[in-house]
Amino acid sequence: MISLIIGHKGTGKTKILVDKVNDAVHSSNGNVVCVEKETKLTYDVNYRARLIAADTFSVTGYDAFYGFLSGICAGDHDITDIFVDATFRIAANRDGGALLEFLKKVTTLSDISDTHFTFTISADEEDLPAEIFDLCKKIN
């Protein structure tokens with residue numbers, strides 16, 4: 001399952017994400033991962049969540065991003081939740097069509113790995129392809 005936190009910069013997406021990460025840490029029977037562009041959430045996210053800065057691994061583009069998420073899932077079968085902040089900044093691509101194709105792949109990955117994904121998206125809901133909302137649940 002995939003959830004999206006959508007809104008423009010400064011609308012509180014990251015705060016919602018941090019709250020969701022910390023809630024998942026307390027309720028999960030497995031491991032929780034939070035992926036961010038660069039190290040900024042160190043003091044906000046519970047220490048029991050695995051915090052990963054995508055820049056450390058030179059992740060750029062949706063294909064690399066998908067491979068990165070797949071590797072995280074393949075490396076730990078106990079992951080229940082993966083939270084991603086700044087999706088467009090990590091992918092270095094704000095194209096809605098490319099985002100849709102990426103989310104289709106992540107939906108399959110979610111099903112295979114039994115992992116729930118949550119992404120923050122810096123955009124207006126109207127600017128995203130409507131098909132995205134057939135795949136994903138908006139939570140804000």
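Preceding block: the structure.
This one's a predicted model, so the numbers in the text were calculated from it and none came from an experiment.

### Regarding the packing of aromatic side chains
- All chains considered together, the criterion is met by six aromatic pairs.
- With a centroid separation of 6.5 Å and an interplanar angle of 90 degrees, the aromatic rings of Phe65 and Phe119 are classed as edge-to-face. One end of the pair, Phe65, is in helix H2 (residues 62-75); the other, Phe119, is in strand E5 (residues 116-121), with 54 residues separating them in the sequence. Per residue, the accessibility class of Phe65 equals that of Phe119, and both read buried.
- Both rings, one in Phe102 and one in Phe119, keep their centres 5.7 Å apart while their planes meet at 75 degrees; by these two values the pair is edge-to-face. Here Phe119 lies in strand E5 and Phe102 lies in helix H4 (residues 96-113), a separation of 17 residues in the sequence. Just as Phe102 is buried, Phe119 falls in that class too.
- When the ring centre of Tyr66 is taken as origin, the NZ or CZ atom of Lys105, which lies over that ring, is 5.6 Å away.

### Observations regarding the side chain of Thr118
- Note on placement: Thr118 falls in strand E5.
- Relative accessible area serves as the criterion here: at 2%, Thr118 is assigned to the buried category.
- If sequence neighbours within four positions are ignored, Thr118 has contacts with Ser3, Ile5, Leu17, Ile82, Phe83, Val84 and Ile139.

### A closer look at the pattern of salt bridges
- Scanning the entire structure with this criterion turns up six salt bridges.
- Salt-bridge contacts for Asp55 lead to Lys37; the nearest nitrogen and oxygen are separated by 2.8 Å. In this pair, Asp55 is assigned in the loop between strand E3 (50-53) and H2 and Lys37 in the loop between strand E2 (31-36) and E3, connecting sequence segments 18 residues apart.
- Take Asp55: its relative accessible area is 35%, and that puts it in the partly exposed class.
- A salt bridge links Asp63 to Lys105, with the shortest nitrogen-to-oxygen separation between them at 3.1 Å. Taken together, the residues span a long stretch of sequence, with Asp63 in helix H2 and Lys105 in helix H4 at a distance of 42 residues.
- Its relative accessible area of 36% is what places Lys105 among the partly exposed residues.

Cut-offs used in this document
Counting from 1, residues in each chain are numbered in the order their sequence is written. Side-chain atom pairs in this predicted model are given and counted only at pLDDT of 80 or more, local residue features only at pLDDT of at least 70, and totals for whole chains, interfaces and linings cover all residues. By convention in this description, side-chain values take in all heavy atoms of the structure and omit both hydrogens and water. Aromatic rings from Phe, Tyr and Trp, taking only the six-membered ring of Trp, are treated as a pair when their centres fall within 6.5 Å; an angle between ring planes under 30 degrees marks them as stacked, one over 60 as edge-to-face, and anything in between as tilted. By the criteria applied, helices consist of DSSP H or I runs no shorter than four residues and strands consist of E runs no shorter than two, each listed in order from the N terminus. Using a 1.4 Å probe on the protein chains alone, a residue whose accessible area is under 20% of its type maximum counts as buried, one over 50% counts as exposed, and one in between counts as partly exposed. Two conditions define a charge sitting above a ring: the NZ of Lys or the CZ of Arg must be within 6 Å of the ring centre, and it must be within 35 degrees of the ring normal. Whether two residues are in contact is decided by their heavy atoms: any pair within 4.5 Å suffices. Each salt bridge in this description consists of a side-chain nitrogen of Lys or Arg and a carboxyl oxygen of Asp or Glu lying within 4 Å of one another.

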